[in-house]
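Read off the chains here:
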Amino acid sequence: MSSTLSRWYSALVFDRPWLVIAFLFVLAGGFAWYAQDFKLDVSADSLLMEDDRDLEFSRVINQRYGVRDSVTIAFRPYNFDLLSEQSLSIMASIRDELLAMERIESVDSLLNVPVFGNTPLTGINEDYLTVLDEGQDPEAVRQELMTNPVFSNAIISPDGTTGAMLASFYLDTRYIELINRRTELRNKSNAEGLSAEEARELQAVSAQFDVYSSETAQLRHEDIASIRAILEPYKAEVELYLGGAPMIADDMVTFVQNDLATFSLVVLAFIIIALGMIFRQKRWVVLPLICCAFAGVIVLGILGLMDWRVTVVSSNFMSLLLIITISLTVHLMVRYRELRASRRFTDQRRVLRHTVLVMFKPCLFTALTTMVAFGSLVVSGITPIISFGWIMVMGVGTALMVVFLLFPALMSLLPAEKRVVENKNPRFSLTGALARLTDAAGAKLLWVFALIFVISAIGISRLQVENSFIAYFAEDTEIYQGMKLFDDKLGGTLSFEVLVNLPEEAEFDDFDDGFDDGFEEDSSDAYWFTADKMDQLKQMHEYLDNHPRTGKVLSFGAVVQLAEQLNNGPVDSFLWALLYTMLPETLRSTVLSPFLSVEHNQARFNVRVIESDPELNRNELIGEIREGMQSNFNLAPEQVQITGLLVMYNNVLQSLYESQILTLGVVLGVIMIMFLLLFRSMRIAIICIIPNIIAAALVLGIMGWMGIPLDIMTITIAAISVGIGVDNTIHYMHRFRREFHRLGNYKAAMYYCHGSIARAMYFTSLTIVAGFSILVLSNFIPTIVFGLLTSIAMVVALLGALTLLPQLLISFRGLGPESHPDNSVGNGASEAVL
């Protein structure tokens, strides 16, 4: 800190501490008001890349085919038959209560699907029979529906024991209007630019969309809660599970909110216990917590004020902010206690001032490098990860400001400790043991870390870019059990879309010149339904349905199979055209319009996947489907398009590996520059970067060896480990260089640093690991993985800084030749607290 800045800072913080505290109270109080606007966004779109062309295409397809948000209810009676009168009565009651909801448009189930019996194909009309009609034989109905290619594995399980109820929400035309206009303006801006008026409109539409999407997300949350409330009274008699993308997104919000509420308090409690056991005085427990509280409130307020929504990816930002704030505070506390122990008769204000000014530079650089580590995430190209990076950059800057204003101001008002005694000869000191280990191992330690790096590299090569939503939840949770039931009995839950642009036909087989006589305005569309085209749709459906990694396939191909069953053979073009004109509107809206677009000569296949399948690899599946459709049906690449939530999520996953390499490369490169600026030596910069490279490699290697996939949740771990590792590296190197110039001996400087700055590093790591280890008790797997890997990152960073870093300095003489090569460790480090 420059002398001028130091004088200004000292005059403000040490001479007017009440003014500083008042300023922070006003600042925190103001932001606390906006903290109530803090929001979580765990919608499906929040996990996607906003500029993904598949996202825009998916929205177009959804509008073309009238795809609505929907949830599915799995219905399996405990002690009576699925088609019994009691079961159907319960199902009817649930249906009626669902339809009474404001935003539910329709409910499809066993109660309203057609039962054809011996009805000929040409006899299908509006007055089709259902299971509720008198005279229906339940067993005959079961057998028909179980073999019905449209309804089997969708409305009823193949074994006839489980049914499904599909509750569809009304189409949100306002949402579609806003998203279409925003997309139109964004595309024009990227292609040719916008006029001033259009730019203002884009800004206004984007703001309206953000507000409206937040409102609709809250309404959908209320809808899911209402549906669950409707189902609850019936669970004594029927096993009921809710499925579908809206439910999964809502449950993820609930799990994240519960973890934030529950584990934040538990983590805080563990941190309080750890600080109490380490420092054994109230002030050293309360001060870090006060700093954390101020930093947390300010950051939450900023997020609320800016409507900066936190996603699943960034939901652990508060925990990381806690780590960083405690780390900065503990380093100040330990340094202050060291100086007080060695300068007992010096005025407290001088000791405090010296502590803060001496520690400002290393703390500033640790904060800057940590900001760089998180800032590197902005080059990932993935919206939620970019947002997380910016949130953490802002959070680290806030933590640095709060700690260096609030800590010295509060300490200035507190009375000096009556007695500060540092135990110079504890029975066991981990940092002292690590110093002795490093001294004894010598250069062998470098080979050990080289071997660790090689093993880590092999582990990295085993990293998989794959995950599933079901893998986010523990097996004993309701959502996991529900998704497993859908996978086992009802053909899966999540799906993707296969769009086929059908070949143009030059002529219509089986038609004569007078075919359209008697047909009304839709007769031209009837010509589209040729026997060859329908047979091709059936073959495509069968190809997709027979793939070992797919679940239920919904398409018009299943309708073709059903038509051939009812017709006892193939259906010719004339009959297909006749059926098209005769098809009841109630059936047309469920089996035709969602799957065929005559206008675009296009067919849509909705393909579900089995999320719980351990062999499922989304990228391979999508590639196989695309290539198989092209080769088996002689289609050009542009005729086959695959989209949907699963595809867009896969796009994110496939970009993660490249993003991980890119972000790590950027952060390590920038940190090298930071080391050069701080230490002004290329040799020291290289020595300091090596432990951080190994730390990041080891964390990623552990993920590879343990089979933890690289996904949108775990990609941030490497940046976290580098950020934490750099913190330790800078603090240790800054102190080592100072003590080396004083002692003139590498090993003496190492022993001294292990007895001083290393203790602050150890206390910080111990406190954080103690707190974050409790996260393994969560039911949300990403929270467990975050807690586990963050704890591992803390331990790895600590061990690298206290073993590898000093050994590299000793072996390669990073600070030049020793001025006192014969200085014994005992004399040179006599002041070290070991």
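Right, let's walk through the structure included here. This structure is a prediction, so every number in the text was calculated from the model and none was measured. (Residues numbered from 1 in each chain as written. Predicted model: local features only at pLDDT ≥ 70, side-chain atom pairs only at ≥ 80, totals over all residues. Heavy atoms only, no water.)

**Re the side chain of S387**
Now for step 1: Within the secondary structure layout, S387 lies in helix α12 (residues 383-413).
Now for step 2: When sequence neighbours within four positions are dropped, the list of residues in contact with S387 reads W308 and R309. (Helix = DSSP H or I, 4+ residues; strand = E, 2+ residues; numbered from the N terminus. Contact = heavy atoms within 4.5 Å.)

**Quick look at helix α24 (residues 716-743)**
Now for step 1: In this model α24 runs 40 Å from its N-terminal to its C-terminal C-alpha over 28 residues, within 8% of the 40 Å that 1.5 Å per residue would give.
Now for step 2: Counting buried residues in α24 gives 25 out of 28 residues, a clear majority hidden from the surface.
Now for step 3: With its phi angle positive at about 70°, G744 sits one or two positions after the end of α24. (Expected span 1.5 Å × (residues − 1). Buried < 20%, exposed > 50% of the residue type's maximum accessible area, 1.4 Å probe, protein only.)

**A few points about empty space enclosed by the protein**
Over the atoms, a rolling probe the size of a water molecule traces out where space has been left empty.
Now for step 1: Under the counting rule described, the total for this entry stands at 8 cavities of 30 Å³ or more.
Now for step 2: Computed from the structure, the largest cavity encloses a volume of approximately 310 Å³.
Now for step 3: As for the largest cavity, its lining consists of 21 residues, of which L121, I124, V559, L583 and V591 are closest to the centre.
Now for step 4: Those elements giving two or more residues to the lining of the largest cavity turn out to be α18 (556-567), α19 (573-582) and α20 (585-592).
Now for step 5: For the lining of the largest cavity, the element with the most residues is α18, which contributes 5 residues.
Now for step 6: Residues belonging to the lining of the largest cavity are distributed by class as follows: 21 nonpolar, no polar and no charged.
Now for step 7: Here the second largest cavity defines a volume of roughly 200 Å³.
Now for step 8: Lining the second largest cavity are 20 residues, and of these I323, I324, G723, I724 and D727 lie nearest its centre. (1 Å grid on protein atoms, 1.4 Å probe; cavity = no way out; pocket = protein on both sides within 12 Å on 5 of 7 lines; lining within 4 Å. Points joined across faces, edges and corners; volume = space filled by probe spheres on them. Nonpolar A, V, L, I, M, F, W, Y, C, P; charged D, E, K, R; others polar.)

**Regarding a nonpolar patch on the surface**
Now for step 1: There is a patch of nonpolar side chains on the surface, built from L451, F453, V454, I455, I458, I693 and W705 and spanning about 610 Å² of accessible area.
Now for step 2: Elements represented by at least two residues in the nonpolar patch include exactly α14 (444-461) and α23 (682-706).
Now for step 3: For the nonpolar patch, the element with the most residues is α14, which contributes 5 residues.
Now for step 4: Position of W705 relative to the elements: it lies in helix α23. (Patch = residues over 30% accessible without salt bridge, like charges linked within 9 Å, V, L, I, M, F, W, Y side chains within 5 Å. Areas by Shrake-Rupley, 256 points an atom, 1.4 Å probe, with all protein chains shown as cover. Salt bridge = Lys/Arg side-chain N within 4 Å of Asp/Glu carboxyl O.)

**Brief notes about unusual backbone geometry**
Now for step 1: Of note in this structure, R680 is not a glycine but carries a positive phi near 55°.
Now for step 2: Its location among the elements puts R680 in the loop between α22 (645-679) and α23.
Now for step 3: Residue R680 is classed as exposed on the basis of its relative accessible area of 73%.
Now for step 4: The phi dihedral of R813 is positive, around 50°, even though this residue is not glycine.

**As for the pairing of strand β4 (residues 238-243)**
Now for step 1: Of all 6 residues in β4, 6 are buried, a share of seventy percent or more.
Now for step 2: Here β4 shows a buried face lined by V238, L240 and L242 and a second buried face lined by E239, Y241 and G243.
Now for step 3: Here strand β1 (residues 70-77) runs beside β4; their pairing, made up of 6 bridges, is antiparallel. Note on β4: the bridge partner recorded for P77 is V238. (Pairing = 2+ DSSP bridges.)

**Concerning the nonpolar core**
Now for step 1: Residues F279, F374, F404, F407, F675, Y732 and F736 are the most contacted members of the largest nonpolar core, which totals 141 residues.
Now for step 2: Among the elements that make up this core, the one with the highest residue count is α12 (18 residues).
Now for step 3: Counting 104 residues, the second-largest nonpolar core is a separate cluster that includes I73, A92, L494 and Y580. (Core = buried A, V, L, I, M, F, W, Y, C linked by side-chain atoms within 4.5 Å.)

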